[in-house]
Amino acid sequence: MNTATAESILAELRSLADPRNVEGMARFGIRSGKMLGIGVTALRKLARRIGRGQVLAEQLWKSGIHEARVLACFLAEPDRITESVAEDWVRDFDNWAVCDAACWHLFDKTPWAWKKAREWSSRDEEFVRRAGFAIMAALAMHDKQASDARLLRFLPLIRRAATDERNFVKKAVNWALRQIGKRNQSLNAAAIAEAERIARIDSRAARWIARDALRELRAWKG
């Protein structure tokens with residue numbers, strides 16, 4: 001039984017704070033209003049000790065502390081988190097690290113993951129759009145039951161967003177394309193063909209996405 005409280009966990013997080021790490025995290029694009037400078041390895045270790053708990057995760061999220069929110073992504077329960085809560089969380093995303101933690105460790109395991117991947121990939125907000133493509137990448141990697149046809153339906157969404165010049169969006173678009181293309185030989189061929197189409201778009205972002213993806217996809221051996 002999980003006996004931890006949000007207050008006790010936040011107190012522990014504050015005891016682990018290392019302000020020197022905040023500057024280092026910022027150099028990697030991890031910036032937020034409230035940061036303690038705790039690395040993800042320590043947060044994973046803490047999550048394993050605490051165990052899953054949806055109510056606890058939501059309480060930690062409301063603290064607004066970056067590390068507490070990453071921890072919340074590890075503690076939340078995929079079968080209990082609602083779409084409404086996920087919408088609240090995604091609107092709070094302010095850096096790629098918390099976005100990817102939520103998408104890679106939580107959202108992709110929910111019953112509504114495929115729907116949100118499509119919806120969020122079409123939204124304008126930078127980290128909401130990134131979340132859509134991060135979920136696509138996670139589904140391609142983690143959902144072993146997904147059909148090729150289901151993943152192929154993501155390719156037009158990838159192409160449509162390939163002209164987005166924002167760094168954290170274009171990297172996620174590229175990520176989704178590469179992960180789909182490394183699923184199996186059939187999807188590899190489809191992803192290469194899609195990347196070649198994207199390469200012909202008159203856009204610096206599209207050319208970068210295509211060039212980087214093609215380098216990896218053509219070298220992939222399965």
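The model shown is predicted, which means the values in this text are computed figures rather than measured ones.

Q: I keep staring at the overall build of the protein chain and nothing clicks. Help me out?
A: Helix and strand counts for the protein chain come out as 14 helices and zero strands. Mapped in sequence order, the helices and strands of the protein chain form the string α-α-α-α-α-α-α-α-α-α-α-α-α-α. Compactness check: the protein chain gives a C-alpha radius of gyration of 18 Å against a globular reference of 17 Å for 222 residues, within 12% of the reference. On the principal axes, the C-alpha backbone points of the protein chain span a range of 55 × 35 × 30 Å. Within the protein chain, the proportion of its 222 residues that are buried is 54%. For the protein chain, long-range pairs separated by at least 24 residues make up 73% of all intrachain contacts whose partners lie at least 6 apart in sequence. Total accessible area on the protein chain stands at roughly 10,700 Å², and carbon and sulfur atoms take up 51% of it.

Q: I keep staring at the nonpolar core and nothing clicks. Help me out?
A: As a rule of thumb, nonpolar side chains are buried together in soluble globular proteins. Among the nonpolar cores identified, the biggest contains 78 residues, and Leu13, Leu60, Trp89, Phe93, Phe107 and Ile158 are the most heavily contacted of them. Per-element accounting of this core gives the leading share, ten residues, to helix H9 (residues 126-142). Not counting chain neighbours up to four residues away, the residues in contact with Phe107 comprise Ile81, Ala86, Trp89, Phe93, Ala102, Trp112, Ala113, Trp120 and Ile135.

Q: I'm lost on the pattern of salt bridges in this one. Help?
A: Side chains that carry opposite charge are capable of pairing whenever their charged atoms lie near each other. Per the stated rule, a full pass over the model turns up 26 salt bridges. Across the pair Arg91 and Asp88 runs a salt bridge, and its minimum N-O distance is 2.6 Å. Remark: Asp88 and Arg91 occur in helix H6 (residues 83-92); sequence separation between them is three residues, near one turn of the helix. On the accessibility criterion, Asp88 (37% relative accessible area) is partly exposed. Arg215 is the salt-bridge partner of Asp212, the closest N and O atoms lying 2.9 Å from each other. Here Asp212 and its partner Arg215 are both found in helix H14 (residues 204-219), three residues apart, which amounts to about one turn of the helix. With relative accessibility at 19%, the residue Asp212 sits in the buried group.

Q: Teacher, can you tell me more about the side chain of His105 here?
A: Tracing the backbone through its elements, the reader meets His105 in helix H7 (residues 96-105). Setting aside anything within four residues of it in sequence, one finds His105 in contact with Arg44, Arg52, Cys73, Phe74 and Asp100.

Q: What is the right way to read the packing of helix H1 (residues 6-15) against helix H3 (residues 40-50) from this model?
A: The angle between the axes and the distance between the axes are what describe a pair of packed helices. Interhelical geometry of H1 versus H3 gives an angle of 155 degrees and a closest axis separation of 12 Å. It follows that H1 is roughly antiparallel to H3 by the angle criterion. Classified by chirality, the crossing of H3 by H1 is right-handed. Residues Ile9, Glu12 and Leu13 of H1 pack against Leu43, Leu46, Arg49 and Ile50 of H3. Its residues assigned to classes, the contact of H1 with H3 shows five nonpolar, no polar and two charged.

Q: How do you make sense of the side chain of Arg69 when you look at a structure like this?
A: Summarising the element assignment, Arg69 is placed in helix H5 (residues 66-75). A polar side-chain atom of Arg69 sits 3.5 Å from a polar atom in the side chain of Asp92. What Arg69 contacts, discounting residues up to four positions off in sequence, is Trp61, Gly64, Asp92 and Val98.

Q: Any chance you could explain the state of the cysteines here in plain terms?
A: Should the sulfur atoms of two cysteines be covalently bonded, the bond is a disulfide. The final tally for this structure, using the stated rule, is zero disulfides. Free of any disulfide, Cys73 has its nearest cysteine sulfur in Cys103, 8.3 Å distant. Here Cys99 stays free of any disulfide, with the sulfur of Cys103 as its closest cysteine sulfur at 4.3 Å.

About the thresholds
- Residues numbered from 1 in each chain as written.
- Predicted model: local features only at pLDDT ≥ 70, side-chain atom pairs only at ≥ 80, totals over all residues.
- Heavy atoms only, no water.
- Helix = DSSP H or I, 4+ residues; strand = E, 2+ residues; numbered from the N terminus.
- Rg over C-alpha atoms; globule rule 2.2 N^0.38 Å.
- Buried < 20%, exposed > 50% of the residue type's maximum accessible area, 1.4 Å probe, protein only.
- Contact = heavy atoms within 4.5 Å.
- Areas by Shrake-Rupley, 256 points an atom, 1.4 Å probe, with all protein chains shown as cover.
- Core = buried A, V, L, I, M, F, W, Y, C linked by side-chain atoms within 4.5 Å.
- Salt bridge = Lys/Arg side-chain N within 4 Å of Asp/Glu carboxyl O.
- Axes fitted to C-alpha atoms, helices over the stretch in contact; angles between N-to-C directions.
- Parallel < 35°, antiparallel > 145°, perpendicular 65-115°, else oblique.
- Left-handed = near helix turned anticlockwise from the far one by under 90°.
- Nonpolar A, V, L, I, M, F, W, Y, C, P; charged D, E, K, R; others polar.
- Polar contact = N/O pair within 3.5 Å; in protein donor to acceptor, adjacent residues only side chain to side chain.
- Disulfide = S-S within 2.5 Å.

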